[in-house]
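Inside the fold
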Amino acid sequence: MRAFTATLGTETNTFSPMPTGMRNFEQTMLLRPGEHPPHITEVTAPLWATRRRGEALGWTVIEGTCAFAMPAGRTVRRVYEALRDEILEQLRDALPLDLVALGMHGAMVADGYDDCEGDFLVRVREIVGPKTAVGIEIDPHCHVTEAMVANTDAIICFKEYPHTDYRERAGELLDILSGTAEGKLRPRISVHDCGMLATYPTTREPMKGFLERLRQLEQEEGVLSISIAHGFPWGDVPDVGTKVIVVTHDAAAKGDALARQLGREIFGLRTRVAPKFQTIEAGLDDALEGDGPVVVADTADNPGGGAPGDSTFLLHELLRRGVQDACYAPIWDPVAVGLCFEAGEGATLALRIGGKMGPTSGDPLDLTGRVTKLAADAQQTFDGNPSPLGDAAAFEVEGVHIVLISTRDQAFGTDLFTNLGIDPAAKRLVVVKSSQHFYAGFGPIAKRVVYINGPGALQADFTKLPYRNLRRRLWPMVDDPFAEPGGVR
Ligand SMILES: [Zn+2]
């Protein structure tokens, strides 16, 4: 068996003011053949799984480039094209191939390319021909398109949000692809469009129970995999929205029916799947009741969804109220971090913080405080893997301990604070810039979790997003997208 594996992706928030260029890829992940580490990461799980399978079964595995950028705005055209063509050249050189296993995101948008994954997969199929098994493991925050489906044998999304199950999903992808390459499986992909936009944390009901059902349904005869593509509402592209993907062994009719049934069930849950988002004022009122630590998610400025990570709306209100015994992280502000390093640990200084990237970041805050700790090349942990923060500084302003970072990232692990000498478990209020991934690390220390969605690049009221490219009408813009003229089929 000859197998090729590579990764290309990012999650594009088309409403974000930040372009995604080569520097972002270099800073996040740009690994050439021979540079791949032995450990698994979320976005290189197919490479890791193909390598392990190859070692166990004596395959020839050709490892291509793995490129991934921290979510931000549209990818610069020449950057996407350069990375795409680099991997396609490696693919051409690797021919003939029995299988191709790719790590992608599913929501990558570049200047001139609304559907980078579709564009890439059309070219992959042209190169390898119709007989090679081609499959992708993607993030559920994706736009599933006809081009992606038409040019793959299997599409598998992570099931969990936070995304903690990429290992298992990569293993399933390899099962399907190797079975296909050996002639034992004839996978058919069925997709149902749910006609809606929403977010779907799987740490709470109803999605927690729904996933249990999916796992049982996957045991049925002929069903190879079921994915809920949550969709990524902050991508203004024609295919945005929630979809169900069912991969069967040569049972397209059964797959279609199952995808439709599950899709209609999800539509039935539409008002219950997302957590209740509160305004900054109501959310802080709520969070300040009772004992701590209460973990507050500043969801509107989650860098993991492409937001800048330097908005000040929530911090401003926290300071205005004189809340003591709180910590807040991370705020992306390399200039402020540089000044803290210049002043040194223990220094008191006036610092201008955040609010630099545009209207969705609010105004910068001019604060006088104390540098309590500095950490060069700091990092935090997500699911056992390090996530770099660049140089970081802890800055205390009237009882609020703020973590400033110089490499954009969302809040994943409690070591985001503890590495800077702050114990979040001992605080009354712990504010994190993240939508849901924080839950894996902070859930265990939280008495309660409060989700706030104020102003920012990740507006949770989708009816207020300035979409221009929607091809069909979706809930919550319309009550019943299936009944509307021009609605979902
Ligand atoms: Zn995601």
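Reading the values: the criteria
- Residues numbered from 1 in each chain as written.
- Predicted model: local features only at pLDDT ≥ 70, side-chain atom pairs only at ≥ 80, totals over all residues.
- Helix = DSSP H or I, 4+ residues; strand = E, 2+ residues; numbered from the N terminus.
- Rg over C-alpha atoms; globule rule 2.2 N^0.38 Å.
- Contact = placed C-beta atoms within 7 Å.
- Buried ≥ 20, exposed ≤ 12 C-beta atoms within 10 Å, placed from the backbone.
- Pairing = 2+ DSSP bridges.
- Axes fitted to C-alpha atoms, helices over the stretch in contact; angles between N-to-C directions.
- Expected span 1.5 Å × (residues − 1).
- Arc of directions from axis to C-beta.
- Domains from an automatic or database assignment.

Concerning the overall build of the protein chain
Secondary structure summary: the protein chain contains 13 helices and 18 strands in total. A compact globule built from 489 residues would reach a C-alpha radius of gyration of about 23 Å, and the protein chain, at 22 Å, matches this within 12%. With respect to the principal axes defined by its C-alpha atoms, the protein chain has extents near 70 × 50 × 40 Å. Contacts in the protein chain between residues at least 24 apart in sequence constitute 75% of all its contacts with a sequence separation of at least 6.

Observations concerning the environment of Ile127
With respect to the secondary-structure elements, Ile127 resides in helix H4 (residues 116-128). According to the C-beta neighbour criterion, Ile127 is partly exposed, with 17 such atoms within 10 Å.

What to know about the sheet that holds strand E9 (residues 243-249)
The antiparallel open sheet is built from 3 strands, whose spatial order is E7-E9-E8. Edge strands, defined here as strands with exactly one partner in the open sheet, are strand E7 (187-193) and strand E8 (223-229). Across the sheet, the mean angle separating the axes of adjacent strands is 15 degrees when strand polarity is ignored. Relative to E9, E8 runs antiparallel, the two sharing 6 bridges. From the neighbouring strand, Ile226 faces E9, where its bridge partner is Val246. Against the sheet, helix H8 (residues 252-268) engages E7, E8 and E9, with an angle of about 155 degrees to E9.

Looking at H8
A rise of 1.5 Å per residue sets the reference length of H8, with its 17 residues, at 24 Å; its end C-alpha atoms lie 24 Å apart and thus fit the reference within 8%. Buried within H8 are the following residues: Gly255, Leu258, Ala259, Leu262, Gly263 and Ile266. The buried residues of H8 occupy an angular sector of 130 degrees when projected down its axis, which confines them to one face. Along H8, exposed side chains directed more than 90 degrees from the buried face belong to Ala253 and Gly268. Looking at the buried residues of H8, the elements they touch are E7, helix H7 (207-217), E8 and E9.

Points about the sheet that holds strand E4 (residues 99-104)
Strand order in this open sheet of 6 strands is E2-E3-E1-E4-E5-E6, and the pairing throughout is mixed. For this open sheet the edge positions go to strand E2 (29-31) and strand E6 (154-157), each flanked by a neighbour on one side alone. Taken over all neighbouring pairs, the strand axes of this sheet differ in orientation by 15 degrees on average, direction set aside. Pairing analysis gives 6 bridges linking strand E1 (residues 2-12) to E4, with the strands arranged parallel. When the bridges of E4 are listed, Ala6 appears paired with Leu102.

Description of the domain arrangement of the protein chain
The domains assigned to the protein chain are domain 1 (2-268) and domain 2 (277-459). Just the C-alpha atoms count here: the centres of domain 1 and domain 2 sit 31 Å apart. Contacts between the two partners involve 21 residues from domain 1, matched on the other side by 21 residues from domain 2. Of all elements in the fold, only E1 and strand E3 (60-72) reach the threshold of two or more residues within the side of domain 1 that touches domain 2. No other element matches the 3 residues that E3 contributes to the side of domain 1 that touches domain 2.

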